[in-house]
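# Inside the fold
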Amino acid sequence: MEIDPFIFRLSIFILSIFIGYYVVWSVTPSLHTPLMSVTNAISSVIIVGAIIAGLAGSTGNVFTISNILGFLAISLAAINIFGGFLVTQRMLQMYKKKKKDK
Amino acid sequence: MSSNLSAIFYLVSGVLFILALRGLSSPETSRQGNFFGILGMVIAITVTFLSVGSFSSGLIYVLIFLLVGGLIGAFIAYKIPMTAMPELVAGFHSLVGLSAVFVAISAFLNPEAFNLGSPGAIKLASLIEMSIGAAVGAVTFSGSVIAFLKLQGIMSGSPITFKGQHFLNALLLISILILSYLLCSSQSSNFFWILIAVSFLIGFLLIIPIGGADMPVVISMLNSYSGWAAAGIGFTLENTALIITGALVGSSGAILSYIMCKGMNRSFFNVILGGFGATEQSASTGNKEQRPVKIGNAEDAAFLMKNASSVIIVPGYGMAVAQAQHALREMVDTLKKNDIKVTYAIHPVAGRMPGHMNVLLAEANVPYDEVFELEEINNDFANADVAFVIGANDVTNPVAKTDPQSPIYGMPVLDVEKCKSVLFVKRSLSPGYAGIDNELFYKDNTLMLFADAKKMTEDITKNL
């Protein structure tokens, strides 16, 4: 019997949880705020679903409810992507080491 | 682009996201990590456009909305003050939640576009995944909105509780399960709408009983939820990048919640089921008599610090509220010119989100290798001359070590009282969030400085 592709996706999911577990424990506590903002930004990869929804339906009418929700979701996710990565960048640039000499 | 090729690219962007988190293990590699994250996102978005292939006239709108959202996001990222980071993150979580809901609804209404079957005959597995994505997304959205309102001060930070709250929540959770079952067996859209509405309600009810100082747990928890919502949608869309990311973000948020709970010595359920104010009310009453405290002014504080050889600074949420981080840094610069050793001690739950204080100090140009976590620095208090507590309270309360009756008993605290002298900047003698008196105020070696944190710090600098 063939294995349902769902099982493969589930495997990826479970293994990623473990990767996440070990990677996040190695994050230094002083970077926990940037960690939150960057996880925020990357979870907005949900935009791929929004783009598919927005581009759906090749014929004339692009204003079905499904499309419009796609467009809105694109905006929301885009706010998050740009806002999340840029604010993380801004924060990380502030973390500086002590200068050796005064 | 063939779907196999695009699946490989999605995998690549998933791996890049893992590297993005990996980079955060030290400040030196963190910027590179962020770059990996951006790269992963660019790949994912590009591949999505290429794999759709035949562009409908919807393309122009997709690009417009992408651009508008991007501009808004970039604008917010440049304008936001560092003290408002908890609100910003809560706000961002709500957007992830809402877009998960939108994508789920969109997939439900137009399943052909996502290869999930046709309306009324959606594949069972997809339907379940969709419901999970939509429900968790809705909880994330309404929960984050409440967290945002509380952090922003639009809504009172004190816990809102009512009788039968837990019963109602349990009832709603059960109804979610029933609704999902009905939805899957009947494919009727009505159940889908009710499911989403009930989920919004749960998110709302889940966060209103949680008080202000428990916000670090709430934000981490919502971070986790936003990840699980993304993963649910990832299963629906059969998209590896989304599944990997969802799992990463979900476990990241869960770990942060765990660390925050441990920092308060409370179980996760204890925090979620209602704040200190709700369960420990008896603690704040009683003991109302006035006890003597030593009150000092900026000159006294400056005198003490000038004659010290080492000073440890303990910042807390009050520093963020007073925006005192830059003034503090100036004071420390002056101290260092007098060859006084200065370090910073940060409690895990100081502030309103994990790492909140570190970001504020970094903003004020404090080098990160002068900033220490609780375990690293707690033994140093005994050898330090002065502890300068600015805007922190409960996290310094020695009662947590001595009084088993205290609601904060067992919580790890900074051993501030072991210093030769303690300077405590505070606006008044009012108790902290936990509603209990801080024993530290009444110690012989404690000098209370009643003033706004920023003003007091500036005055001390003038007197040094």
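Being a predicted model, the structure only gives us computed values, none of them experimental. (Residues numbered from 1 in each chain as written. Chains lettered and ligands numbered in written order. Predicted model: local features only at pLDDT ≥ 70, side-chain atom pairs only at ≥ 80, totals over all residues. Heavy atoms only, no water.)

### Some points on the overall build of chain A
When helices and strands are tallied, chain A shows 4 helices and 0 strands. Starting at the N terminus and walking to the C terminus, you meet the elements of chain A as α-α-α-α. Rg of the C-alpha trace for chain A: 20 Å, well past the compact-globule value of 13 Å for 102 residues, more than 25% over. Within chain A, counting contacts between residues at least 6 apart in sequence, those at least 24 apart form 64% of the total. Put simply, chain A shows about 4,600 Å² of open surface, and 70% of that area lies on carbon and sulfur atoms. (Helix = DSSP H or I, 4+ residues; strand = E, 2+ residues; numbered from the N terminus. Rg over C-alpha atoms; globule rule 2.2 N^0.38 Å. Contact = heavy atoms within 4.5 Å. Areas by Shrake-Rupley, 256 points an atom, 1.4 Å probe, with all protein chains shown as cover.)

### Quick notes on the packing of helix H4 (residues 65-94) of chain A against helix H4 (residues 85-109) of chain B
Where H4(A) meets H4(B), the axes come as close as 8 Å, and the angle between the chain directions of the two elements is 155°. If you check the angle between H4(A) and H4(B), you find them roughly antiparallel. The hand of the H4(A)/H4(B) crossing is left-handed. Residue classes in the contact of H4(A) with H4(B) are distributed as 19 nonpolar, 7 polar and no charged. (Axes fitted to C-alpha atoms, helices over the stretch in contact; angles between N-to-C directions. Parallel < 35°, antiparallel > 145°, perpendicular 65-115°, else oblique. Left-handed = near helix turned anticlockwise from the far one by under 90°. Nonpolar A, V, L, I, M, F, W, Y, C, P; charged D, E, K, R; others polar.)

### Concerning the environment of B:Asn379
All names here are of chain B. Along the polypeptide, Asn379 turns up in the loop between helix H17 (374-377) and strand S6 (386-390). A relative accessible area of 62% places Asn379 in the exposed class. For the pair Asn379 and Lys418, spaced 39 residues apart in sequence, the C-alpha to C-alpha distance is 9.2 Å. (Buried < 20%, exposed > 50% of the residue type's maximum accessible area, 1.4 Å probe, protein only.)

### Some remarks on the confidence of the model for chain A
Low pLDDT means the predicted atomic positions in that stretch should not be read closely. Confidence in the prediction for chain A averages 87 pLDDT; 90% of positions are at 70 or higher. Looking across chain A, the model is least confident in helix H3 (residues 47-55) of chain A, with a mean pLDDT of 89, and most confident in helix H2 (residues 32-43) of chain A, with 93. (pLDDT = per-residue confidence, 0-100.)

### Topic: helix H7 (residues 189-207) of chain B
All names here are of chain B. In this model H7 runs 28 Å from its N-terminal to its C-terminal C-alpha over 19 residues, within 8% of the 27 Å that 1.5 Å per residue would give. Looking only at H7, the buried set comprises Phe192, Leu195, Ile196, Val198, Ser199, Ile202, Gly203, Leu205, Leu206 and Ile207. Looking at the packing, one finds that the buried side of H7 touches H4, helix H5 (124-152), helix H6 (165-186), helix H8 (215-237) and helix H10 (268-272). (Expected span 1.5 Å × (residues − 1).)

### Things to note about the interface of chain B and chain A
In this complex, chain B contributes 103 residues to the contact, which on the side of chain A involves 81 residues. Area buried by chain B at its contact with chain A is led by B:Leu24, B:Arg31 and B:Asn34, which between them contribute 8% of it. The tally of links between chain B and chain A comes to 1 salt bridge. In this structure, A:Arg9 engages B:Glu238 in a salt bridge whose closest nitrogen and oxygen atoms are separated by 3.5 Å. Remark: the boundary between chain B and chain A carries 16 residue pairs in polar contact (both at pLDDT 80 or more). At the level of secondary structure, the elements contributing two or more residues to the side of chain B that touches chain A comprise helix H1 (3-23), helix H2 (27-52), helix H3 (58-79), H4, H8, helix H9 (240-263) and helix H16 (356-363) of chain B. Of the residues belonging to the side of chain B that touches chain A, the class tally is 64 nonpolar, 28 polar and 11 charged. (Buried area = accessible area lost by both parts, 1.4 Å probe. Salt bridge = Lys/Arg side-chain N within 4 Å of Asp/Glu carboxyl O. Polar contact = N/O pair within 3.5 Å; in protein donor to acceptor, adjacent residues only side chain to side chain.)

### Some words on the pattern of salt bridges
All names here are of chain B. The tally for this structure, following the rule as stated, stands at 10 salt bridges over all chains. In this structure, the salt-bridge partner of Asp415 is Lys401, at a minimum N-O distance of 2.6 Å. Residue Asp415 is located in the loop between helix H18 (399-402) and strand S7 (421-426), and its partner Lys401 is located in helix H18; the two are separated by 14 residues in the primary sequence. Taking the relative accessible area as the measure of exposure, Lys401 reaches 36% and is therefore partly exposed.

### Some remarks on the packing of aromatic side chains
Counted under the stated rule, the structure contains 15 aromatic pairs over all chains. Residues A:Tyr21 and A:Trp25 carry aromatic rings whose centres are separated by 6.3 Å and whose planes lie at 75° to one another, so their mutual orientation is edge-to-face. Highlighted residues: A:Tyr21 and A:Trp25, both in helix H1 (residues 5-25), separated by 4 residues, approximately one helical turn. Overall, the relative accessible area of 38% leaves A:Tyr21 in the partly exposed class. Here A:Trp25 falls in the partly exposed class, since its relative accessible area comes to 37%. A ring pair is formed by B:Phe35 and B:Phe36, whose centres lie 6.4 Å apart and whose planes are at 45°; its orientation type is tilted. (Phe/Tyr/Trp six-rings, centres within 6.5 Å; stacked < 30°, edge-to-face > 60°.)

### Quick look at the nonpolar core
Residues B:Ile313, B:Phe381, B:Phe388 and B:Ile460 are the most contacted members of the largest nonpolar core, which totals 178 residues. Ranked by residue count, the leading element in this core is H4(B), at 15 residues. B:Ile313 has contacts with B:Leu328, B:Met331, B:Val332, B:Val342, B:Thr343, B:Tyr344, B:Ala345, B:Phe388 and B:Ile390, leaving out every residue within four places of it along the chain. A:Phe13, B:Ala231, B:Phe235 and B:Ala247 belong to the second largest nonpolar core, which has 5 residues in total. (Core = buried A, V, L, I, M, F, W, Y, C linked by side-chain atoms within 4.5 Å.)

### Describing the side chain of B:Ser199
Tracing the sequence through the fold places B:Ser199 in helix H7. If sequence neighbours within four positions are ignored, B:Ser199 has contacts with B:Ala135, B:Ala138, B:Val139, B:Ser142 and B:Ile176.

### What about the sheet that holds strand S8 (residues 446-450) of chain B?
All names here are of chain B. A sheet is described by the order of its strands in space; here 6 strands give the open sequence S5-S4-S3-S6-S7-S8, paired in parallel fashion. Only two strands of the sheet have a single partner each, and these edge strands are strand S5 (371-373) and S8. Direction aside, neighbouring strands of the sheet carry axes that sit 25° apart on average. (Pairing = 2+ DSSP bridges.)

### Topic: the side chain of B:Ser251
Turning to its location among the elements, B:Ser251 is positioned in helix H9. Discounting residues that sit within four places of it in the chain, B:Ser251 has contacts with A:Ile17, A:Gly20, A:Tyr21 and B:Trp228.

### Regarding helix H19 (residues 453-463) of chain B
Residue and element names in this part refer to chain B. Within the span of H19, buried status applies to Ala453, Met456, Thr457 and Ile460. The buried side chains of H19 occupy one side of the element, clustering within an arc of 100° when seen end-on. The inward-facing, buried residues of H19 contact helix H13 (298-306), helix H14 (317-322), helix H15 (325-337), S6, S7 and S8. Measuring from the side-chain oxygen of the N-cap residue of H19 to the backbone nitrogen of Lys454 gives 3.2 Å; that N-cap residue is Asp452. (Arc of directions from axis to C-beta.)

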